[in-house]
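Okay, here's what each chain looks like letter by letter:
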Amino acid sequence: MNGTFVLRIEDTNAELAKPEFYDAITEPLKWLGLQWDEGPFYQSQRSEKYLEAINALLEKGFAYRCDCSRESIESRNNVNGFKGGYDGYCRNREVPDDPNVSIRFKTPKNQFVKIRDTIRGDVTFDTNELEDFIIRRSNGTPVFLVANAVDDADMGITHVIRGEDLLNTTPKVMLMWEALDYGQPPEYAHLPLLVGEDKKKLSKRKHSVALGEFQTMGILPEAMVNYLALLGWGPNDDKEIRPVEEIAALFSLKDINKAPAYFDMKKLFHINAEYIRALSPEAFSEIATQYFQLTGWEPINLDFDVLSDLSSSIQERIEKLADIVKLVDWLFNEEPAVETDPKEMKKISKSMSADKVADVLDLAIEQLEKCDWNEEVIGETINGIGQTLETKSQVPIRVAVTGRRIGLPLFKPMEILGRQKVVTRLQKARADLG
RNA sequence: GCCCCGUUCGUCUAGCGGCCUAGGACGCCACCCUCUCAAGGUGGUAGCACGGGUUCAAAUCCCGUACGGGGUACCA
C-alpha cells in the first residue's frame, strides 16, 4: 500500500501527555515492525495552532464563550425537561472574554452532515442531535476535536483510519472543518472494534490488551500481524497464513467487515505455532535465546547449540515461545523439574505396578552405565528393556530423568545430558521408590 | 431514553442476484501413524437472526422486528 504513515500523539488532555502512554503506543508499533514515516507529532505541543483556529471560529461567529457549570446545565435541563445535552444557554449571552471560560462550537440547526466512509458508505447525522460542544476547556486548553480538524488539514491527511468508537465524533470535526473553510475533507474508514469474551469493546482501560503481553508470552510479531490482519478481513483464496507483503497486496479497506470481531487466542496460538515451525534451527535458537533474556530465564547450562540441535522436535511441540521452557528445563538445569518428581512416579504406578517401575529403573541403571553413549544405542537399550520386561520402558525413565511424564523424544537429549547425570537421576529416582 | 453502526458454523472469515445441496481456517470429535507428548494424514460436527417484500431466481437488493456493538463528557 502506498502512502505516508504519520504518527500523531493525541494528548490534548494533560493527563495523557506522559511518557508511559507514549511508550505504550510506540513500543508495540516497533515490535510489530510497523514503522512510521513522519512524526511523532504531539498535539500537546501544538496548542497555539488550535487556539488560533478557535479564535477564528469565535470571530466568524461559529463559536461562543460559556461559563456554565455542569451542575447549572443539569439543573436547567431538569426544569425544562431538555434531554439534548447542553441547552445553548450562553449562545447569545456575550460572556466576557476570560481565559478561564470555556468555548463551545455553535452547531447549526436543521442540517445534515454527511461523512463518506470507505467501509460503511455514507453516514449522515442530523445536526439537531449534536449539542454545542466544548472546543476549549475552561482551563484554556483545546479539545481533540479541534486538534483533529486543524492537524488533518495542516498535515494534509488524506485517510483517517480508526476505530468505530470515533464515528460519532466525526460530524463535529466535519462541522468545524467546513466553518474553517478547509476544503476537501479526508477519506474516513471506521474499523470494527475488537470485543472481548464479554462482547464488549476491547480496549485500553477495561481489558488489558497491551501487545507487550503477547511478546512476553512468546508470540512472534510476524504471527501477530498475520493474525490481526485476519480479524475483520479474509483473503478470498482461503490462504490465511502468508507474509505481510502478500497480505498488503491483497488487502483493501473496502473489504473489511463491519461487525465487531472476537479475539480468538486459540487461533493466534495456532498461527504462531505455524510460524515457529517454519523457522530454521538457527533462527529458532536465536529467537529462543533472545526470548529467554527478555523473560529472564537463564538456566545454568543453557546452550545455544543444544537448542539448535533439538530445534525441530521442540518447534513442533510448542505454540508459543514460553512453552519451550518446560520442554528443556531438565536439560539445562542441574536437577530435573522438581515440582513433579516424586508424585509423577506414583502416577506411573497406576498404570504400571511399582515393582515393574523398579525393575525398569534397575535394569536401566545397570545397562546405561556401560553401553555405548549415543542416541541410537540408548534407544535400543531402553527399548530392549521394555521387551525383556514386557512393559513400556520409556515412561519411568522419562520421569526419572526429566521430572515430567511428557516431553521431547528422549534419546537424543539423554545423550546430550550425559551418562553421568542420567545415571545419577535414575539412581535417585530408584532410591525414592524405596 | 435518544443517535449512529452492525448481524454467514462455537470463533475468524469467503461469498457482492443464478457457479451455494454456502467454501476455508481455528476449535471440537473419530480413525491412521506412534513405547510419551506433539507434528502429520483421513474423515466428521456445526452457520446465512426472524418476518415480509422485489425478482424467473436472494446468504446476496428493499422494509420491518429481534438481538448485538458504539456514542451520548470541559476523555480520546
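Residues numbered from 1 in each chain as written. Chains lettered and ligands numbered in written order. Predicted model: local features only at pLDDT ≥ 70, side-chain atom pairs only at ≥ 80, totals over all residues. Heavy atoms only, no water.

1. Regarding empty space enclosed by the protein
Once rolled over the atoms, a probe with the size of a water molecule shows which space is left empty. Inspection of every chain in the model, using the stated rule, returns one cavity of 30 Å³ or more. Taken as a whole, the largest cavity holds about 60 Å³ of empty space. Taken together, Lys-326, Leu-327, Trp-330, Arg-398, Thr-402, Arg-404, Ile-406, Gly-407, Leu-408 and Leu-410 make up the full set of residues lining the largest cavity. Mapped onto the lining of the largest cavity, the elements with two or more residues apiece are α12 (324–332) and α16 (394–402). Here the lining of the largest cavity is built from residues that sort into five nonpolar, two polar and three charged. Lining the lining of the largest cavity are residues from two domains, each supplying at least three of them: domain 3 (281–332) and domain 4 (342–433). (1 Å grid on protein atoms, 1.4 Å probe; cavity = no way out; pocket = protein on both sides within 12 Å on 5 of 7 lines; lining within 4 Å. Points joined across faces, edges and corners; volume = space filled by probe spheres on them. Helix = DSSP H or I, 4+ residues; strand = E, 2+ residues; numbered from the N terminus. Nonpolar A, V, L, I, M, F, W, Y, C, P; charged D, E, K, R; others polar. Domains from an automatic or database assignment.)

2. Some thoughts on the sheet that holds strand β4 (residues 102–105)
The three strands lie next to each other as β3-β4-β7, forming an open sheet whose pairing is antiparallel. In this open sheet, the two edge strands, each paired with only one partner strand, are β3 (63–66) and β7 (134–136). Recorded for the sheet is a direction-independent mean angle of 45 degrees between the axes of neighbouring strands. Of the pairings in the sheet, the one linking β4 to β7 comprises two bridges and is antiparallel in character. (Pairing = 2+ DSSP bridges. Axes fitted to C-alpha atoms, helices over the stretch in contact; angles between N-to-C directions.)

3. Some thoughts on the state of the cysteines
Following the criterion strictly, the structure yields zero disulfides and no others. Unpaired in terms of disulfides, Cys-66 finds its nearest cysteine sulfur in Cys-90, a separation of 3.7 Å. Classification of Cys-66 as buried rests on a relative accessible area of 1%. Sulfur of Cys-90: no disulfide; nearest cysteine sulfur belongs to Cys-68 and is 3.4 Å away. You can call Cys-90 buried: its relative accessible area is 1%. (Disulfide = S-S within 2.5 Å. Buried < 20%, exposed > 50% of the residue type's maximum accessible area, 1.4 Å probe, protein only.)

4. Regarding the confidence of the model for chain A
One rule of thumb: low pLDDT means the predicted coordinates there are not for detailed reading. Per-residue pLDDT for chain A averages 92, and the proportion of residues at 70 or more is 94%. For this predicted complex, the interface confidence reaches an ipTM of 0.96, while the overall pTM sits at 0.93. (pLDDT = per-residue confidence, 0-100.)

5. Re the domain arrangement of chain A
Looking at the assigned domains, one finds that chain A contains domain 1 (46–191), domain 2 (211–277), domain 3 (281–332) and domain 4 (342–433). Between the C-alpha centres of domain 1 and domain 3 the distance comes to 54 Å.

6. Some details on the nonpolar core
Across soluble globular proteins, nonpolar side chains have a tendency to be buried as a group. Of all hydrophobic cores here, the largest spans 67 residues; its most connected members are Ile-314, Ile-324, Leu-368, Ile-397, Met-414 and Leu-426. Membership of the second largest hydrophobic core comes to 32 residues, among which are Leu-57, Val-160, Leu-175 and Leu-180. (Core = buried A, V, L, I, M, F, W, Y, C linked by side-chain atoms within 4.5 Å.)

7. Focus: the packing of aromatic side chains
In total, this model carries eight aromatic pairs according to the counting rule given. Residues Phe-105 and Phe-133 carry aromatic rings whose centres are separated by 5.4 Å and whose planes lie at 25 degrees to one another, so their mutual orientation is stacked. One end of the pair, Phe-105, is in strand β4; the other, Phe-133, is in the loop between β6 (121–126) and β7, and 28 residues separate them in sequence. Phe-105 sits in the buried class, given a relative accessible area of 1%. Ring centres 5.1 Å apart and planes at 80 degrees place the aromatic pair Tyr-227 and Phe-263 in the edge-to-face group. Residue Tyr-227 is located in helix α7 (residues 221–229), and its partner Phe-263 is located in the loop between β11 (261–262) and α9 (265–277); the two are separated by 36 residues in the primary sequence. Three or more aromatic residues joined by ring pairs make a cluster, and in this case those are Phe-214, Tyr-227 and Phe-263. Taking NZ or CZ as reference, Lys-320 lies 4.8 Å from the ring centre of Phe-269, over its face. (Phe/Tyr/Trp six-rings, centres within 6.5 Å; stacked < 30°, edge-to-face > 60°. Lys NZ or Arg CZ within 6 Å of the ring centre and 35° of its normal.)

8. As for the pattern of salt bridges
A full pass over the atoms with the stated rule returns 27 salt bridges. A salt bridge links Asp-151 to Arg-46, with the shortest nitrogen-to-oxygen separation between them at 2.8 Å. Taken together, the residues span a long stretch of sequence, with Asp-151 in helix α4 (residues 144–154) and Arg-46 in the loop between β2 (38–42) and α2 (47–59) at a distance of 105 residues. For Arg-46, a relative accessible area of 14% gives the class buried. The structure contains a network of salt bridges with shared partners spanning Arg-8, Glu-10, Arg-46, Asp-151, Asp-152 and Asp-154. (Salt bridge = Lys/Arg side-chain N within 4 Å of Asp/Glu carboxyl O.)

9. Section: the protein's contact with RNA strand B
Within the structure, RNA strand B sits among 62 residues, and Arg-120, Arg-137, Gly-232, Glu-316 and Arg-317 are positioned closest to it. Among atoms of RNA strand B positioned within 4 Å of the protein, sugar and phosphate together represent 71%. Between RNA strand B and Thr-12 there is a distance of 2.6 Å, counted from a phosphate oxygen to a side-chain nitrogen or oxygen. With respect to RNA strand B, the side chain of Arg-398 contributes an N or O atom lying 3.2 Å from a base nitrogen. If you list the elements that add at least two residues to the surface near RNA strand B, you get β6, β11, α9, α15 (375–389) and α16. Here the surface near RNA strand B takes four residues from α9, the largest share from any one element. (Near = heavy atom within 4 Å. Polar contact = N/O pair within 3.5 Å; in protein donor to acceptor, adjacent residues only side chain to side chain.)

10. Some remarks on the environment of Ile-157
Assignment of secondary structure puts Ile-157 in the loop between α4 and β8 (159–163). Among residues more than four places away in sequence, those in contact with Ile-157 are Val-6, Arg-8, Asp-151, Asp-152 and Pro-186. (Contact = heavy atoms within 4.5 Å.)

11. Here's the deal with α4
The buried fraction of α4 is high, at eight of eleven residues. The set of residues buried in α4 consists of Leu-145, Val-146, Ala-147, Asn-148, Ala-149, Val-150, Asp-151 and Asp-152. In the core, the buried residues of α4 are packed alongside β1 (6–9), α2, β7, β8, α5 (170–179) and β9 (187–191). At the exit of α4 stands Gly-156, carrying a positive phi of roughly 65 degrees.

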